[in-house]
Amino acid sequence: MNTRALLLGGISALLLGGTMVGCAANGGSIASASDLSGALAAKGAARNAGKAQTALARHEGPVAIGYAEGAVALMPQSAEYRMLLGQSYLQGGRFTSASRAFADTLQLSPTNGKAALNLALAQVATGDWQAARQTLAAHAAIIPAPDRGLALSLAGDTAGGIALLTEVARSPETNAKVRQNLALSFALAGRWQEARVVAAADMAPADVDARLAQWALFAQPATASDQVASLLGVRAVADAGQPVALALNAPAQVVPGVPGQALAAAEPVAPQTDAVPVEVASAPAAGFSKVSFGPRQEVVQALPTMMLRPGNGPIKLASILASNGRGMATAAYEVKAPATGRWYVQLGAFESAGVARDAWGRASRRFAMLAGHSPNGMTFKANGEDFYRLSVGGFSRSAANSMCRQYRAKGGACFVRQGAGDAMAQWLRKPGMQMASR
């Protein structure tokens, strides 16, 4: 599966012709200084864009960023150069800046499906899964279904991604790429036997085990950026965002004086060659030393931006790969005896039970303190929309405090509250099971 080719499509430089300068002895006119300056700026931007493309082809992300920023600085209203800038940021591992560049591209070119897809992927890489799902939903008509399905799965909605990819896989438009995206989505959902069956449709049996072992590691990232960075073959770096001067609505910087000064402005911004790799925080964030109680109204929480392996140790594939070698073990949830406490730790609120199920599967594999606990859920309305609340509970107040404190210390987001209709999670209930109202 060549996922990198899917995400890093090429772009042609926008070549703008220069303005002709005419001169006549009698009644002739000379092009204005502003016209000449604009023509020189356009040529300079095209030259920078060409150099950025060359750097991208050589996988020199930081160099490409410098030239692409130079092109955008000269031609800020060019959607093509904004797109090139976003692709350069992606290759340089600067996902926050990439999000801004692709959002600007869409503002200038609302039908650019590739920009919409890459925006969603950059949002996944920054940990903003909710925004990524909203981007995919808003631009569903211009993003090809095979790409959108995998992006949905990466954004935490494996149920939606699997449903979309299954529909395409059963249609005449199916191909190896669709099936492999579907297999990877099954793997991200922890449905390993189905992942094996689908992957085997286009791979030799001897290669399937190796591919599933790779996916087992891929499905358990240490940071939010790991999966997208892995797909792109890049390393995430610290990123403060794109330069303020490149903001889409910022006033253009006109260089007064002779035309030669306009050419000087076409030189690229110095590339960032000393970017520092993003480190995973191992200590609680400031202000999290004490568990605070959430307000009584419902609050829709974003997914945790950081999910760590238990104890920051290596992943043990033996616990994932089936011992008989014929399939992958699916995740099993241990349903404990009904708890009697009134206090719950809320882990998030999501668009649907399917998204909440995926979030629970990922969290339970990464946070050791969730081991042995069964998830609870309940649908509620906020601002006229339905959401599904995910929690663990039945604790005493002190036990809930301790659980949430441990969860936050490992990078999760939670708050403690009293029970408000929490019941066994929807996906754990047997057909026909009725839940008693509280």
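The notes below deal with the structure included here. All values reported here derive from a predicted model rather than from experimental measurement.

Parameters and conventions
Residues numbered from 1 in each chain as written. Predicted model: local features only at pLDDT ≥ 70, side-chain atom pairs only at ≥ 80, totals over all residues. Heavy atoms only, no water. Helix = DSSP H or I, 4+ residues; strand = E, 2+ residues; numbered from the N terminus. Contact = heavy atoms within 4.5 Å. Areas by Shrake-Rupley, 256 points an atom, 1.4 Å probe, with all protein chains shown as cover. Buried < 20%, exposed > 50% of the residue type's maximum accessible area, 1.4 Å probe, protein only. Pairing = 2+ DSSP bridges. Axes fitted to C-alpha atoms, helices over the stretch in contact; angles between N-to-C directions. Salt bridge = Lys/Arg side-chain N within 4 Å of Asp/Glu carboxyl O.

**Concerning the overall build of the protein chain**
Helix and strand counts for the protein chain stand at 16 helices and five strands. Looking at the protein chain alone, contacts between residues at least 24 apart form 71% of all its contacts between residues at least 6 apart. With the model as given, the accessible surface of the protein chain reaches about 20,900 Å², and the carbon-plus-sulfur share is 55%.

**Some details on the pairing of strand S1 (residues 343–350)**
Among the eight residues that make up S1, eight are buried, leaving the element largely enclosed by the rest of the structure. When S1 meets strand S3 (residues 385–395), the two strands line up antiparallel, connected through seven bridges. Bridging across to S3, Trp343 finds its partner in Phe395. Summarising the sheet, S1 and strand S4 (residues 415–418) pair through four bridges and their orientation is antiparallel.

**Some points on the sheet that holds S1**
By definition, the strands of a sheet pair up through backbone hydrogen bonds, in either a parallel or an antiparallel sense. Taken in spatial order, the five strands line up as S4-S1-S3-S2-S5 in an open sheet, and their pairing is antiparallel. The sheet is open, and its two edges are formed by S4 and strand S5 (423–424), each paired on a single side. Strands S1 and S3 of the sheet are contacted by helix H15 (residues 353–366), whose axis makes an angle of about 40° with S3. Most of the contacts of helix H16 (residues 397–409) go to S1, to which it runs at about 40°, and overall it touches S1, S3 and S4.

**Looking at the pattern of salt bridges**
Considering all chains together, one arrives at 11 salt bridges under this definition. Between Arg100 and Asp104 there is a salt bridge, and its shortest N-O distance comes to 3.0 Å. In this pair, Arg100 and Asp104 both sit in helix H5 (residues 95–108), four residues apart, roughly one turn of the helix. Overall, Arg100 belongs to the partly exposed group, its relative accessible area being 41%. The closest approach of N and O atoms between Arg179 and Asp202, which form a salt bridge, is 2.7 Å. One end of the pair, Arg179, is in helix H10 (residues 176–188); the other, Asp202, is in the loop between helix H11 (192–199) and helix H12 (205–218), and 23 residues separate them in sequence.

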